[in-house]
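Residue-level structure breakdown
The chain contents come next:
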Amino acid sequence: EILRLNSQLDKAFAEQNHLAVVIEQFDALRLEMVHFEQFYEEIRGRSLKATEGVFKPKASAKKLLNYWLVCEEKMKRQAAARLSSGNRAGFLEKIRLLLRFGLAGRALFALNVEERIALLQRAYYLRSVADLEARRKSLEKSLAGFRFEERLERLTELSMQLLKHRLAGNYNNRARKRFELDDLRRQPKAFLDEYPVILSTTFSVITSLEAGYLFDCVIVDEASQVDLLSGVLAMGCARKLVVVGDPMQLPNVLTSQDIKRAEEVALLYEVPEYCRFERHSLLSAVRAAFPELPETMLREHYRCHPKIIQFCNRKFYGGELLVMTRDLGEPDVLKATVTVEGRHARGTINQRQIDEITQQVLPELRPINPDDIGIVSPFRKQADRMQSTFGLDELEVDTVHKYQGREKRVIVISTVANDANEFVDNPNLLNVAVSRAQERLWLVASKEMAEGRGNVADLVRYIRYNNGEVLSGKVRSVFDLLYQDYDAVRREVLKKGKRVSRYDSENLVHGVIESVLQEKQGLGVVFQLPLSMLVRNIDGLSPDEAAYATHPWTHVDFVIYRTIDKSPLLAVEVDGYAFHREGSRQAERDALKDAVLAKCGLSLLRLSTVGSNEGDRIRMKLEEVVTG
């Protein structure tokens with residue numbers, strides 16, 4: 001029965017994990033569709049929703065993408081022949097549209113190619129969302145009658161019976177021996193025969209044993225918080241070692257004297273990097289020293305609302321987490337208060353942020369029990385000042401470090417600092433602070449930090465994107481979900497594996513970019529993005545620049561973007577030597593594109609087909625853009 005229950009539960013948990021992936025994809029695609037519709041309405045002055053009843057094809061998402069590709073190719077041919085894109089469908093094309101989409105194809109008869117593409121893009125979103133919704137319902141139906149709790153309870157009961165049976169065989173027919181306090185050290189074998197499992201701190205475990213005696217296995221939990229010295233002591237009494245921890249949690253805290261002494265020792269004895277006491281916890285040292293060791297990631301996350309943990313998932317965990325909580329449309333899950341411009345922090349205290357929390361945040365949170373609210377800060381002095389200011393014993397205010405391992409329904413984060421710095425903007429610190437929140441997260445940050453570069457700025461951008469409250473800027477978000485699937489269809493049509501273009505130069509650069517991005521978390525790339533999808537406002541452009549930027553045939557070869565909020569980070573253009581030579585018509589277009597992107601504040605890197613070291617150039621440019 002235990003084997004049968006294990007098999008059933010394994011299958012059900014696999015389906016549950018698949019359901020979590022489907023829900024995440026559904027939520028992300030639906031949110032991107034909202035931004036896409038807003039973009040179209042801003043650019044065209046009319047809503048795509050008005051076409052909802054006009055073009056409702058039954059075609060699959062793949063077929064819609066295939067016809068989008070056909071339309072793109074037609075636009076390119078028209079551009080090469082300098083023909084207008086305003087041509088309506090001819091007789092033969094009408095027949096083809098009816099064959100592709102049935103009677104729904106009639107909605108495309110009177111549209112030019114550019115207008116058809118917009119309808120195809122929205123139809124792709126709607127079809128993909130519908131497909132995911134159908135898959136979600138199918139999985140939910142499959143899991144509905146499974147009775148997880150009942151089967152888990154039965155498996156637990158049977159497992160406990162089996163364990164007790166085994167223990168009874170070991171202990172029932174013999175006298176139990178009594179031990180003294182130091183018998184584990186004096187006679188470890190006899191002690192461990194009677195009590196085979198020992199709980200200890202890493203520091204004490206080796207001092208409690210006879211010199212040279214080894215445990216069969218030592219399991220070190222929370223290893224990211226174990227300093228290397230006490231971790232090595234635990235390793236010294238283990239035949240086998242299991243290290244459990246999260247590399248994105250906060251490491252152990254060292255004093256300045258510890259760090260100075262460790263640096264002196266490292267220089268004196270040429271200590272390898274992975275053994276540097278001041279740089280590594282036990283977890284990071286083992287991973288650095290033995291990179292080939294097998295690792296198992298505990299992917300399921302049960303604590304936070306999906307909108308909260310997805311920031312950490314995308315920013316710090318490479319999208320590997322499976323979020324098992326549900327987004328039920330709760331309001332105000334994410335909020336940020338950005339203080340007015342000014343240098344409000346004095347040392348490690350920011351009174352302006354305390355005032356904002358007192359006057360704006362806490363009054364809005366009044367319906368929530370104070371016991372369910374946590375307020376965190378990177379700095380002890382700020383935490384103490386807030387606690388004394390608020391005067392509520394039930395309201396727990398503490399440092400992020402002290403909150404590690406805990407949770408609250410609502411978490412308020414006071415960042416304190418005027419600008420992002422190595423301590424406040426530390427990814428581990430921010431990951432821990434954000435992931436303490438179960439239902440709501442409220443960030444309080446300076447204007448300079450919120451609008452700058454770094455992890456806190458990315459959190460602010462993520463909050464705006466997910467609330468649909470994206471502040472007016474010069475550059476749009478990237479519709480990566482739409483264009484990633486479009487790239488996949490393009491590759492299939494080209495029948496060359498990873499080819500995204502007919503041009504070898506662009507395929508080579510695409511491979512280089514993907515290789516570079518594997519080294520960096522939180523970045524993605526899309527190919528052949530229309531320039532009009534990046535330009536939010538053409539008011540500052542000259543007439544020639546505006547006409548070029550909004551022309552449907554104008555594309556950017558590659559756009560590298562932040563996956564957190566889809567905001568573009570770097571444009572990459574591939575310039576063929578002959579085609580883009582000085583004085584050519586293409587060189588004039590290049591100058592227009594350069595000017596448009598510069599006025600939009602989007603950095604550009606041009607790679608010539610006669611150049612070299614493209615990977616290093618892309619790395620250096622990304623580093624320049626990210627660090628400012």
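The numbers attached to residues start from 1 for each chain and follow its sequence in the written order. The model is predicted, so local features are restricted to residues of pLDDT at least 70 and side-chain atom pairs to those at 80 or more, both for listing and for counting; the totals for chains, interfaces and linings are taken over all residues. Each side-chain value is worked out from all heavy atoms of the structure, with water and hydrogens disregarded.

**Some remarks on the sheet that holds strand β13 (residues 555-562)**
In short, DSSP must find at least two bridges between two strands for them to pair. To qualify as a helix, a DSSP run of H or I must reach at least 4 residues; to qualify as a strand, a run of E must reach at least 2; elements of each kind are numbered from the N terminus. Taken together, four strands build an open sheet; the order of strands is β12-β13-β14-β15 and the sheet is mixed. Edge positions in the sheet fall to β12 (523-530) and β15 (603-608), since each of these pairs with one other strand and no more. When strand polarity is set aside, the average angle formed by the axes of neighbouring strands in this sheet is 25 degrees. Note on geometry: axes are lines fitted to C-alpha atoms, helical ones only across the stretch in contact, with angles between N-to-C directions running from 0 to 180 degrees.

**Here we look at the environment of Phe215**
Positionally, Phe215 belongs in strand β1 (residues 215-220). Note on definitions: a residue-residue contact is assigned when non-hydrogen atoms from the two residues lie within 4.5 Å. For Phe215, the contacting residues outside a window of four places in its chain are Leu192, Ile198, Val205, Leu209, Cys237, Ala238 and Arg239.

**Considerations on the sheet that holds strand β11 (residues 437-446)**
Strand order across the open sheet formed by five strands is β5-β11-β10-β8-β9, with parallel pairing between neighbours. Looking at which strands have only one partner, the edges of the open sheet turn out to be β5 (334-339) and β9 (396-399). With strand direction ignored, the average angle separating the axes of adjacent strands in the sheet is 20 degrees. The pairing of strand β10 (residues 408-414) with β11 spans six bridges and is parallel. When the sheet's bridge partners are listed, Val412 is paired in β11 with Trp442. Sheet strands touched by helix α12 (residues 351-364): β5, β8 (373-377), β10 and β11. Its angle to β11, the strand with the most contacts, is close to 145 degrees.

**Things to note about a nonpolar patch on the surface**
There is a patch of nonpolar side chains on the surface, built from Phe91, Leu92, Ile95, Leu98, Leu99 and Leu103 and spanning about 670 Å² of accessible area. Within the element layout of this structure, Phe91 appears in helix α3 (residues 91-101). Patch membership requires over 30% relative accessible area and the absence of a salt bridge. Like charges are linked within 9 Å, and nonpolar side chains (Val, Leu, Ile, Met, Phe, Trp, Tyr) within 5 Å. Residue burial considers only the protein chains on display, and all accessible areas are found by Shrake-Rupley using a 1.4 Å probe. In what follows, salt bridge is the name for a side-chain nitrogen of Lys or Arg lying within 4 Å of a carboxyl oxygen of Asp or Glu.

**What about the packing of aromatic side chains?**
Two aromatic rings from Phe, Tyr or Trp, using only the six-membered ring of Trp, form a pair when their centres are within 6.5 Å; if the ring planes differ by under 30 degrees the pair is stacked, by over 60 it is edge-to-face, and anything between is tilted. Inspection of every chain in the model, using the stated rule, returns 14 aromatic pairs. Between the aromatic rings of Phe36 and Phe39, the centroid separation amounts to 6.0 Å while the plane-to-plane angle is 50 degrees, which identifies the pairing as tilted. Residue Phe36 and its partner Phe39 are located together in helix α1 (residues 2-44), separated by three residues, close to a single helical turn. Accessibility classification places Phe36 together with Phe39 in one group, the buried group. Considering the side-chain rings of Phe311 and Tyr462, the 5.5 Å spacing of their centres and the 55 degrees angle between planes classify their relative orientation as tilted. With a 1.4 Å probe rolled over the protein chains alone, any residue whose accessible area is under 20% of its type maximum counts as buried; one over 50% counts as exposed, and the rest are partly exposed.

**Description of the nonpolar core**
In terms of nonpolar packing, the biggest core is built from 69 residues, with Phe55, Trp68, Phe101, Leu108, Leu120, Tyr483 and Leu531 touching the most fellow members. For the domain bounds, the source is a domain assignment made automatically or taken from a database. Taken domain by domain, the makeup of this core includes at least three residues from each of domain 1 (1-143) and domain 4 (488-627). Ignoring any residue separated from it by four or fewer positions in sequence, one finds Leu120 in contact with Phe55, Leu64, Tyr67, Trp68, Cys71 and Phe101. The criterion is simple. A nonpolar core is a set of buried Ala, Val, Leu, Ile, Met, Phe, Trp, Tyr and Cys residues joined through side-chain atoms within 4.5 Å. If you look at the next biggest cluster of nonpolar residues, it comprises 39 residues, including Phe311, Val432, Ala437 and Leu459.

**A closer look at the pattern of salt bridges**
Tallied over the entire structure, the rule returns 50 salt bridges. A salt bridge links Lys315 to Asp458, with the shortest nitrogen-to-oxygen separation between them at 2.4 Å. Note that Lys315 is positioned in helix α11 (residues 306-316) and Asp458 in helix α17 (residues 455-467), a separation of 143 residues in sequence. Taking relative accessible area as the criterion, Asp458 reaches 5% and is therefore assigned buried. It is possible to trace a salt-bridge network through shared partners that takes in Glu573, Asp575, Asp590, Lys593, Asp594 and Arg606.

**Looking at the environment of Leu569**
For Leu569, the position within the fold is in strand β14 (residues 568-575). A relative accessible area of 5% places Leu569 in the buried class. Along the backbone, Leu569 and Leu3 are 566 residues apart, and their C-alpha atoms lie at a distance of 52 Å.

**What to know about unusual backbone geometry**
Residue Arg147 is not a glycine yet carries a positive backbone phi of 60 degrees. Here Arg147 shows up in the loop between α4 (113-144) and α5 (148-171). Unlike most non-glycine residues, Lys566 shows phi in positive territory, near 65 degrees. Turning to its location among the elements, Lys566 is positioned in the loop between β13 and β14. Classification of Lys566 by relative accessible area gives buried; the value is 5%.

**What to know about the pairing of β9**
One ladder, built from four bridges, connects β8 with β9; its direction is parallel. Residue pairing for β9: Ser377 is matched across the bridge by Thr399. Here is how to tell: hold the view so the strands point away, follow the path from the first strand over the helix to the second, and if it runs clockwise the crossover is right-handed. For the handedness criterion, the β-α-β arrangement of β8, helix α13 (residues 380-390) and β9 is classed as right-handed.

**Section: the packing of helix α2 (residues 61-80) against α4**
Put simply, α2 and α4 touch, their axes get as near as 9 Å, and they point 160 degrees apart. It follows that α2 is roughly antiparallel to α4 by the angle criterion. The element α2 and its partner α4 pack so that their crossing is left-handed. Residues Ala61, Leu64, Leu65, Tyr67, Trp68, Cys71, Glu72, Lys74, Met75 and Gln78 of α2 pack against Val113, Arg116, Ile117, Leu120, Gln121, Ala123, Tyr124, Arg127 and Ser128 of α4. When the residues that make up the contact of α2 with α4 are grouped by side-chain class, the tally is 12 nonpolar, three polar and four charged. We call two directions roughly parallel when the angle between them is under 35 degrees, roughly antiparallel when it is over 145, roughly perpendicular when it lies between 65 and 115, and oblique otherwise. Each crossing is labelled by how the near helix is turned from the far one, with a counterclockwise turn of less than a right angle marking it left-handed and a clockwise turn marking it right-handed. Under the scheme applied here, ten amino acids are nonpolar (Ala, Val, Leu, Ile, Met, Phe, Trp, Tyr, Cys and Pro), four are charged (Asp, Glu, Lys and Arg), and all others, including Gly, are polar.

**Things to note about the domain arrangement of the chain**
By the assigned domains, the chain splits into domain 1 (1-143), domain 2 (180-289), domain 3 (330-475) and domain 4 (488-627). The straight-line distance from the C-alpha centre of domain 1 to that of domain 2 is 54 Å.

**Points about helix α15 (residues 427-434)**
Of all eight residues that make up α15, seven are buried, and the element is covered over most of its length. Along α15, the residues classified as buried are Asn428, Leu429, Leu430, Asn431, Val432, Ala433 and Val434. Looking at the buried positions of α15, the neighbouring elements they touch are α11, β8, α14 (400-403), β10, β11 and α17. Within 3.5 Å is the distance limit for a polar contact, defined as a pair of N or O atoms, with the added protein rule that one can donate a hydrogen and the other accept it, and that residues adjacent in sequence qualify only through two side-chain atoms. The N-cap of α15, judged by a side-chain oxygen 2.8 Å from the amide nitrogen of Asn428 a few residues on, is Asn426.

**A look at the packing of α11 against α17**
Here α11 crosses α17 at 135 degrees, and the two axes come no closer than 11 Å. Taken together, the axes of α11 and α17 lie oblique to each other. Regarding α11 and α17, the two cross each other, and that crossing is right-handed. Facing Pro306, Lys307, Gln310, Phe311, Arg314, Lys315 and Phe316 of α11, the residues of α17 in contact are Asn455, Asp458, Leu459, Tyr462 and Asn466. Class assignment of the residues belonging to the contact of α11 with α17 gives a composition of five nonpolar, three polar and four charged.

**Describing helix α9 (residues 256-269)**
Expected helix span is computed as 1.5 Å times (number of residues minus one). Between its terminal C-alpha atoms α9 stretches 20 Å, which fits the 20 Å expected from 14 residues at 1.5 Å a residue. Two residues or fewer past α9, Glu270 is found with a positive phi of approximately 50 degrees.

**Side note on the environment of Lys447**
Looking at the element boundaries, Lys447 is found in helix α16 (residues 447-450). Between the C-alpha atom of Lys447 and that of Ile413, which follows or precedes it by 34 residues, the distance is 15 Å.

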